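Inside the fold
One letter stands for each residue in the lines below.
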Amino acid sequence: MAASPFDLANETGYRAWRDAKLAAYPRSVDALVVPLADPRHLTPAELDALADRCARANMALYSAPHLPAADKTLPLQLGRQLGLVRLEGNYLADEDGLSSITPADDTGGVRGDYIPYTHKPINWHTDGYYNAPDRRILGMTLHCAQDAESGGENALLDHEVAYLQLRDVNPDYVAALMRPDAMTIPARMDEDDIARPAQSGPVFAVDPAQGFLVMRYTARTRSIVWKADALTQAAVATLAEILADSEYILAARLAPGMGLVCNNVLHTRSAFTDTPARRRLLYRGRYYDRLRFEELQTSPVRPQ
Ligand SMILES: [Fe+2]
């Protein structure tokens, strides 16, 4: 394998990767959107267009407003064609493993105790940041069945760009956030209230087999313990500053029939208002797989 640009000792490789990354990175959310005739059956051209966006930004938005937006087979079958197969279920997920993210804070019940199931904003995070290392969430999909009356936008930032901007400020900050004890989630404190032991881990990690960068992060300040040394504290503060005003943040408002496919990039959600007659509803999928395009693109005959 070629020397990794994510190796802090590889300054030359990093520079080349960095410049190419920023040159190719989409500077408007519109550049991320790929219209799909039918997300359940991609054409080669559509697949190429999705691959292009994901190569540049680790994410793509798709749009199929002409189909019934509440059909869960749209995101499920789309994801499957992109290599997203191993879906994480949790006890708040539906039977098919997708989670219906819709407000329940005014209806009582257990879901309304957790921020995703409220009207509240959600700060920067990657999904599954509290998971054990053998259950890393590498892929994530969001499909909009119904948008809110107002609000509910998602800000998006490729985690590779967050890495890049932090490394540009100070490579020692990246090193601090690659330590296995950088960030600890105390026991029993995840958003879905599943009993878990404390989870320590790095913010940034490089997959040892395939060399891709993964990020585990939340901007929450409660229920999270950062390593107490000065370097980690400075790194966390600088990362928060980057996320507050990065010029590479892309703001998306998903309309019905639109969705996001991504390699678990950083994202937020703004607060929103809706009504019982028009409840915001997004289907979310979390996967142990990354997006995969190569096999489908290069094989004239698709493997069975
Ligand atoms: Fe999320």
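Conventions we followed
Residues numbered from 1 in each chain as written. Predicted model: local features only at pLDDT ≥ 70, side-chain atom pairs only at ≥ 80, totals over all residues. Axes fitted to C-alpha atoms, helices over the stretch in contact; angles between N-to-C directions. Helix = DSSP H or I, 4+ residues; strand = E, 2+ residues; numbered from the N terminus. Parallel < 35°, antiparallel > 145°, perpendicular 65-115°, else oblique. Left-handed = near helix turned anticlockwise from the far one by under 90°. Contact = placed C-beta atoms within 7 Å. Nonpolar A, V, L, I, M, F, W, Y, C, P; charged D, E, K, R; others polar. Buried ≥ 20, exposed ≤ 12 C-beta atoms within 10 Å, placed from the backbone. Pairing = 2+ DSSP bridges. Expected span 1.5 Å × (residues − 1). Arc of directions from axis to C-beta.

**Some words on the packing of helix 4 (residues 159-169) against helix 6 (residues 230-245)**
The contact between helix 4 and helix 6 brings their axes to 10 Å, and the two run at 125°. Taken together, the axes of helix 4 and helix 6 lie oblique to each other. Where helix 4 crosses over helix 6, the two elements pack in a sense that is right-handed. The segment helix 4 lies against helix 6, with Ala-162, Gln-165, Leu-166 and Val-169 engaging Thr-238, Leu-239, Ile-242 and Leu-243. Broken down by class, the residue content of the contact of helix 4 with helix 6 amounts to six nonpolar, two polar and no charged.

**Description of the environment of Ser-99**
Following the sequence through the fold, Ser-99 ends up in strand 3 (residues 99-101). Accessibility expressed as a C-beta count within 10 Å gives 22 for Ser-99, which makes it buried. Ser-99 sits 190 residues away from Asp-289 along the chain, and the two C-alpha atoms are 17 Å apart.

**Side note on the environment of Arg-284**
If you trace the backbone, Arg-284 turns up in strand 17 (residues 281-287). Sequence separation between Arg-284 and Ser-100 is 184 residues, and the spatial gap between their C-alpha atoms is 6.5 Å. Apart from residues lying up to four places away in sequence, Arg-284 is in contact with Leu-98, Ser-99, Ile-101, Thr-141 and Leu-142.

**With respect to the environment of Pro-276**
Following the sequence through the fold, Pro-276 ends up in the loop between strand 16 (272-273) and strand 17. Residue Pro-276 is classed as exposed on the basis of its C-beta count, with 8 C-beta atoms lying within 10 Å. Sequence separation between Pro-276 and Pro-103 is 173 residues; the distance between their C-alpha atoms is 9.8 Å.

**Re the pairing of strand 14 (residues 258-262)**
Across the five residues that make up strand 14, a large majority, five, are buried. The alternating pattern of strand 14 places Met-258, Leu-260 and Cys-262 and Gly-259 and Val-261 on opposite faces, both of which are buried. Relative to strand 14, strand 2 (residues 59-63) runs antiparallel, the two sharing five bridges. Counted as the bridge partner of Ser-63 is Met-258 from strand 14. Bridging between strand 5 (residues 139-146) and strand 14 involves four bridges; their strand directions are antiparallel. By the bridge assignment for strand 14, His-143 is matched with Gly-259.

**A few points about the sheet that holds strand 9 (residues 199-201)**
Note: strands within a sheet are paired through backbone hydrogen bonds, in either parallel or antiparallel orientation. Strand order across the open sheet formed by three strands is 9-8-12, with antiparallel pairing between neighbours. Strands with a single pairing partner mark the edges of an open sheet, and in this sheet they are strand 9 and strand 12 (225-226). Sheet analysis places strand 8 (residues 183-185) next to strand 12, joined by two bridges and oriented antiparallel. Note that in strand 12 the partner of Met-183 across the bridge is Trp-226.

**Topic: helix 3 (residues 73-81)**
Within the sequence span of helix 3, burial applies to Leu-74, Pro-75, Leu-76, Leu-78 and Gly-79. Here the buried face of helix 3 lies against strand 2, strand 5, strand 14 and strand 17. Backbone geometry just downstream of helix 3 places Gly-83 in the positive-phi region, at approximately 90°.

**Focus: helix 6**
A rise of 1.5 Å per residue sets the reference length of helix 6, with its 16 residues, at 22 Å; its end C-alpha atoms lie 23 Å apart and thus fit the reference within 8%. Taken as a whole, helix 6 has its buried residues at Thr-232, Ala-235, Val-236, Leu-239, Ile-242 and Leu-243. Summarising the axial view, the buried residues of helix 6 lie within an arc of 120°, below the 170-degree limit, and thus occupy one face. Residues of helix 6 that are exposed and point more than 90 degrees away from the buried face comprise Ala-230, Ala-237, Ala-244 and Asp-245. In the core, the buried residues of helix 6 are packed alongside strand 4 (122-125), strand 7 (154-157), helix 4, helix 5 (171-177), strand 12 and strand 15 (266-269).

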